[in-house]
Amino acid sequence: MSLRNELVAALRSWDIKLGRKLDDHTSLIKSGILDSLALLKLVLWIEQQTGGKLDPATFELAKEWGSITKILDFIERRHGNRIAEVGMGEPYHAKTTLS
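Asks: I would appreciate a short explanation of the nonpolar core in the present structure.
Replies: The nonpolar side chains of a soluble globular protein tend to be buried with one another. One finds Leu 34, Leu 42, Trp 45 and Trp 65 to be the most contacted residues of the largest nonpolar core, which totals 26 residues. Of the residues forming this core, the biggest block, six residues, is contributed by helix H2 (residues 36-50).

Written out as structure tokens, the structure reads:
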């Protein structure tokens, strides 16, 4: 399963109402889709995926994690080498809609 699909599955498992028209570029934070509890779960999920600790106070959440694409870009920038080392995830290619 690709990292993108794992992220979408995690979001769905947190009882977040994603809606049918949501795509990889839809605002998750500004739209209110991700609330504070979901953001905490997202921090923990990213830490599990990368094997590293995150300090959300060191970056702007709304900017860095504003969409599926931005979250995956964040992981690649901050932890791409770790993901490659442990063989997690597949290359990310933006899709237009969530499946």
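Asks: Honestly, the pattern of salt bridges in this entry has me stumped. Any pointers?
Replies: Pairs can form between side chains of opposite charge whenever their charged atoms are close. With the rule as written, the count across this model stands at two salt bridges. Arg 4 is the salt-bridge partner of Asp 24, the closest N and O atoms lying 3.1 Å from each other. One end of the pair, Asp 24, is in the loop between helix H1 (3-13) and H2; the other, Arg 4, is in helix H1, and 20 residues separate them in sequence. Judged by relative accessible area, Asp 24 falls into the buried class, the value being 0%. You can call Arg 4 buried: its relative accessible area is 3%. The salt bridge involving Glu 64 is made with Arg 77; its shortest N-O contact spans 2.2 Å. Of the two residues, Glu 64 sits in helix H3 (residues 61-64) while Arg 77 sits in helix H4 (residues 68-86), which places them 13 residues apart along the sequence.

Asks: Explain the packing of aromatic side chains here, please?
Replies: What describes a pair of aromatic rings is the distance from one ring centre to the other and the angle between the planes of the rings. Counting across every chain of the model gives three aromatic pairs. Residues Phe 59 and Trp 65 carry aromatic rings whose centres are separated by 5.3 Å and whose planes lie at 50° to one another, so their mutual orientation is tilted. Residue class for Phe 59 comes out buried when judged on its relative accessible area of 9%. Every member of this aromatic cluster is reached through a ring pair, and the members are Phe 59, Trp 65 and Phe 74.

Reading the values: the criteria
Residues numbered from 1 in each chain as written. Predicted model: local features only at pLDDT ≥ 70, side-chain atom pairs only at ≥ 80, totals over all residues. Heavy atoms only, no water. Core = buried A, V, L, I, M, F, W, Y, C linked by side-chain atoms within 4.5 Å. Buried < 20%, exposed > 50% of the residue type's maximum accessible area, 1.4 Å probe, protein only. Helix = DSSP H or I, 4+ residues; strand = E, 2+ residues; numbered from the N terminus. Salt bridge = Lys/Arg side-chain N within 4 Å of Asp/Glu carboxyl O. Phe/Tyr/Trp six-rings, centres within 6.5 Å; stacked < 30°, edge-to-face > 60°.

By themselves these figures say nothing about function.
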